[in-house]
Amino acid sequence: MNSPIHWLSEIGLVESAERPADFLVVRDMGLRSKRPVCLVALALLSCWTGANRCEAADPGALETALPVRVERTVVAQLGREHFAGAVYRRGVDGPRIAVMGSRLLQVPIQPSATPTEVFPSAKDVSYSNGACAIDVKGDGIDELVVGKTIGADLKTAEEQIVWYEELPGHQRWTEHMIGELPERYSPHDIAPYQATVSGQTFRGVVLGSNRRMLYWFRIPADPAQPWTRHLIGDLRPEVAKGRSAENSGLAVGDLAGRGRQDVVSGNFWAECPADPTKESWVIHRYCDWGSQNGMWGSMNQLEMADLDGDGQVEIVAAEAEYKEGRLAVFSRDAANPNGLWKATLLDKDLYCPHSLVVVDVTGDGRPDIIVGEMTAGGWHVAMTPHPKLYLYVNQGHLTFRKSVLDQDWGVHMMQMAPGQRDGKVFIFAADEIQEWYPNSTTHLVAWTLRAAF
């Protein structure tokens, strides 16, 4: 069997194909190891018994046989330092992972990699977990877009949106200003965005500010100049209605079926107008989780996909900051398309599932769901000793079979590397550790998945 590095080399994620000493090959469910291990096999619990609708008696039952092969590597141990997120990017010297927090680092995709600081750190300067990679200049090299906070006092801090350019032969990146946020609040989520109006394509990023405001920034002819800020929506009126005020998570896709990029955040989706550079968006509430769990219920991780093959895009949501978090699929109600969507509950009692990826792992053409728990999440809840990484295999008709991919490695804001080939899936994340949790360290971990059969 090929080694994990061989797999990563085959899909173009690393240059070396030598097998390191600190890899753990996982079958079914993996455990931490300080020495090379070739195979770990554990029996899981019970069987999945069909549809997990909201009225299901036992959502989240475990499957005994794992339908994928899993190989894990610890890319970097980052110590006690707080890191909010990690982003895959095509760098000057090949694929890299950028890690942001109190510093901005870049890490090669290999075991026990040494992080490189790519921009000078400074006191009272930090970077948000809202970040994304985008090829700003169109040269095949990805730039990093991220929120930058200047100042320790949140009431007076300056919040900037910036992009970093990597130049050949330079370890330090060049910083460019995109714009500022009126709310002076670090963006929780940033994603690439694109709109076509009268045959002209506009590119940029969409982001959430203060978990109440949605904007998109348009790249100008000269991307080194400030980008044009457009308002998508203001979710603050919901506060007056006694509903959730804290909305997070971000997904972009065509929900209205008009060939435009709509946006989902928290419990809402924003319908893109014909010309988002001039016209107003329409905000719809698709989910009412916030009214059940207070502020935590709308701090979700979100994805979009046609999960049941009916040609309609569903929304997948996980309650990211809630220690009894739910995972559900939301389907638009044809009888009330702008009202609440129909919820299909897939799981419950997940510990702060702040990682969500939707991808066809098994190779059967149906999107599957990967969910990861944090080590210490929710800001006000105790650490969990055994965070888990779950796979929900799509069985059709919005039913899923649940398995444990790995455990004991908490993850935050998990992402998937694009451009995967031969049925291999590469996912990664840095765990978010807060300073007040004792005996905790931040790590950057990656998993390579492929169908077992």
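What you see as residue numbers is a count from 1 along each chain, following the sequence as written. Given that the model is predicted, a residue must reach a pLDDT of at least 70 before its local features are reported, and side-chain atom pairs must reach 80 or more before they are shown or counted; all residues, however, enter totals for whole chains, interfaces and linings. The basis for every side-chain value is the complete set of non-hydrogen atoms in the structure, without hydrogens or water.

Engineer: Help me out: how do you make sense of the overall build of the protein chain in this one?
Structural biologist: Counting from the N terminus, the helices are DSSP H or I runs at least four residues long and the strands are E runs at least two residues long. Across its full length, the protein chain carries three helices and 30 strands. Relative accessibility thresholds used throughout: buried, under 20% of the residue-type maximum; exposed, over 50%; partly exposed, between the two (1.4 Å probe, protein chains only). When burial is assessed residue by residue, the protein chain has 59% of its 453 residues classed as buried. For this analysis, residues touch if any pair of their heavy atoms sits within 4.5 Å. If you take every contact in the protein chain between residues at least 6 apart in sequence, the share linking residues at least 24 apart comes to 53%. Here the accessible surface of atoms and residues is derived via Shrake-Rupley with a 1.4 Å probe, and residues count as covered only by protein chains that are part of the display. Total accessible area computed for the protein chain in this model is approximately 18,100 Å², and 49% of it derives from carbon and sulfur atoms.

Engineer: Please clarify how the sheet that holds strand E18 (residues 268-271) should be interpreted in this entry.
Structural biologist: Within a sheet, each strand pairs with its neighbour through backbone hydrogen bonds, oriented either parallel or antiparallel. Read across the sheet, four strands follow the order E16-E17-E18-E19 without closing on themselves; strand pairing throughout is antiparallel. In this open sheet, the two strands that pair with only one neighbour each are strand E16 (251-253) and strand E19 (282-285). Averaged over all adjacent pairs, the angle separating strand axes in this sheet is 20 degrees, with direction ignored. The pairing criterion for strands is at least two bridges between them, as found by DSSP. Bridge analysis of E18 against E19 gives four bridges, and the strand direction is antiparallel. Residue tryptophan 269 lies in a different strand from E19, and its bridge partner there is histidine 284. Interaxial angle, 0 to 180 degrees, is taken between N-to-C directions of lines fitted to C-alpha atoms, where a helix line uses only the stretch in contact.

Engineer: Can you help me understand the nonpolar core in this one?
Structural biologist: Soluble globular proteins: nonpolar side chains tend toward being buried together. Formed by 21 residues in total, the largest nonpolar core has its most connected members in Val361, Ile370, Leu405, Met414, Ile427, Trp447 and Leu449. Breaking this core down by element, the ones donating at least two residues are strand E3 (68-79), strand E24 (355-359), strand E26 (388-396), strand E29 (425-430) and strand E30 (442-451). Not counting residues up to four positions away in its chain, the partners in contact with tryptophan 447 are Val70, Glu71, Arg72, Leu389, Asp406, Trp409, Val411, Met414, Val425, Phe426 and Ile427. Ranked by size, the runner-up nonpolar core spans 18 residues in total, among them Phe83, Leu105, Ile109 and Leu444. Here, nonpolar core means buried Ala, Val, Leu, Ile, Met, Phe, Trp, Tyr and Cys residues that are tied together by side-chain atoms lying within 4.5 Å of each other.

Engineer: I would appreciate a short explanation of the packing of aromatic side chains in the present structure.
Structural biologist: Given two aromatic rings, their pairing is described by the distance between the two centres and the angle made by the two planes. Under the pairing criterion, centres of Phe, Tyr and Trp rings, with the six-membered ring standing for Trp, must be within 6.5 Å; the plane angle then separates stacked pairs below 30 degrees from edge-to-face pairs above 60, leaving the rest tilted. Applying the stated criterion to the full structure yields 11 aromatic pairs. Relative to tryptophan 216, the ring of tyrosine 193 has its centre 5.2 Å away and its plane inclined at 55 degrees; by these criteria the two rings are tilted. Here the residue tyrosine 193 occupies a position in strand E12 (residues 189-197), and tryptophan 216 occupies one in strand E14 (residues 213-218), the gap between them amounting to 23 residues. The exposure class assigned to tyrosine 193 is buried, which follows from its relative accessible area of 2%. Connected via pairs of aromatic rings, a cluster forms that spans Trp269, Tyr286, Trp289, Phe330 and Trp341. Any Lys NZ or Arg CZ that is within 6 Å of a ring centre and within 35 degrees of that ring's normal is treated as a charge sitting over the ring. Between arginine 229 and the ring centre of tyrosine 215, over which it is positioned, the NZ or CZ distance is 5.4 Å. Lying over the aromatic face of tyrosine 390, lysine 402 brings its terminal NZ or CZ to 4.2 Å of the ring centre.

Engineer: Please clarify how the sheet that holds strand E4 (residues 83-91) should be interpreted in this entry.
Structural biologist: Strand order in this open sheet of four strands is E4-E5-E6-E7, and the pairing throughout is antiparallel. Edge positions in the sheet fall to E4 and strand E7 (116-117), since each of these pairs with one other strand and no more. Direction of pairing for strand E6 (residues 104-108) relative to E7: antiparallel, over a ladder of two bridges. By the bridge assignment for E7, leucine 105 is matched with glutamate 117.

Engineer: It is not clear to me how the environment of tryptophan 281 should be interpreted in this structure. Could you clarify?
Structural biologist: Positionally, tryptophan 281 belongs in the loop between E18 and E19. Counting along the chain gives 19 residues from tryptophan 281 to aspartate 262, while the straight-line C-alpha distance between them is 9.2 Å. Apart from residues no more than four positions distant in its own chain, tryptophan 281 is found in contact with Tyr193, Trp216, Leu231, Ile232, Gln261, Asp262, Val263, Ala270, Glu271, Cys272, Pro273 and Pro276.

Engineer: Please explain the pattern of salt bridges as it appears in this structure.
Structural biologist: Side chains that differ in sign of charge can pair as their charged atoms come close. Within this document, salt bridges are pairs made up of a side-chain nitrogen of Lys or Arg and a carboxyl oxygen of Asp or Glu, the two lying within 4 Å of each other. All chains considered together, the criterion is met by 15 salt bridges. With a closest N to O distance of 3.7 Å, lysine 137 and aspartate 139 form a salt bridge. According to the relative accessible area criterion, lysine 137 is partly exposed, its value standing at 36%. Looking at aspartate 139, the relative accessible area reads 41%, which means it is partly exposed.

Engineer: Please clarify how unusual backbone geometry should be interpreted in this entry.
Structural biologist: Phi is mostly negative for residues that are not glycine, and the peptide bonds are mostly trans. The phi torsion at cysteine 352 lies on the positive side, around 40 degrees, for a residue other than glycine. Looking at the secondary structure, you find cysteine 352 in the loop between strand E23 (342-350) and E24. Residue classification places cysteine 352 among the buried positions, given a relative accessible area of 0%. Positive phi, close to 60 degrees, is recorded for histidine 397, a residue that is not glycine. Given a relative accessible area of 67%, histidine 397 falls into the exposed group.

Engineer: Is there a simple way to explain the confidence of the model for the protein chain in this structure?
Structural biologist: The predicted coordinates should not be examined in detail at positions where pLDDT is low. Overall, the predicted model of the protein chain reaches an average pLDDT of 83, with 80% of residues at or above 70. Counted against residues more than four places away or in other chains, residues 1-57, with its pLDDT under 50, gives 154 contacts. By definition, pLDDT measures how confident the predictor is in each residue, and it falls between 0 and 100.

Engineer: How do you make sense of the side chain of glutamate 159 when you look at a structure like this?
Structural biologist: Assignment of secondary structure puts glutamate 159 in strand E10 (residues 158-165). Under the relative-accessibility criterion, glutamate 159 is labelled buried at 3%. Within the structure, glutamate 159 has its side chain in polar contact with the backbone nitrogen of lysine 148 (distance 3.3 Å). Excluding anything up to four places from it in sequence, glutamate 159 contacts Gly147, Lys148, Thr149, Gly179, Glu180, Leu181, Arg184, Tyr185, Ser186 and Pro187. Pairs of N or O atoms are called polar contacts if they sit within 3.5 Å, as long as, within protein, a hydrogen donor faces a hydrogen acceptor (for residues adjacent in sequence, only side-chain-to-side-chain pairs).

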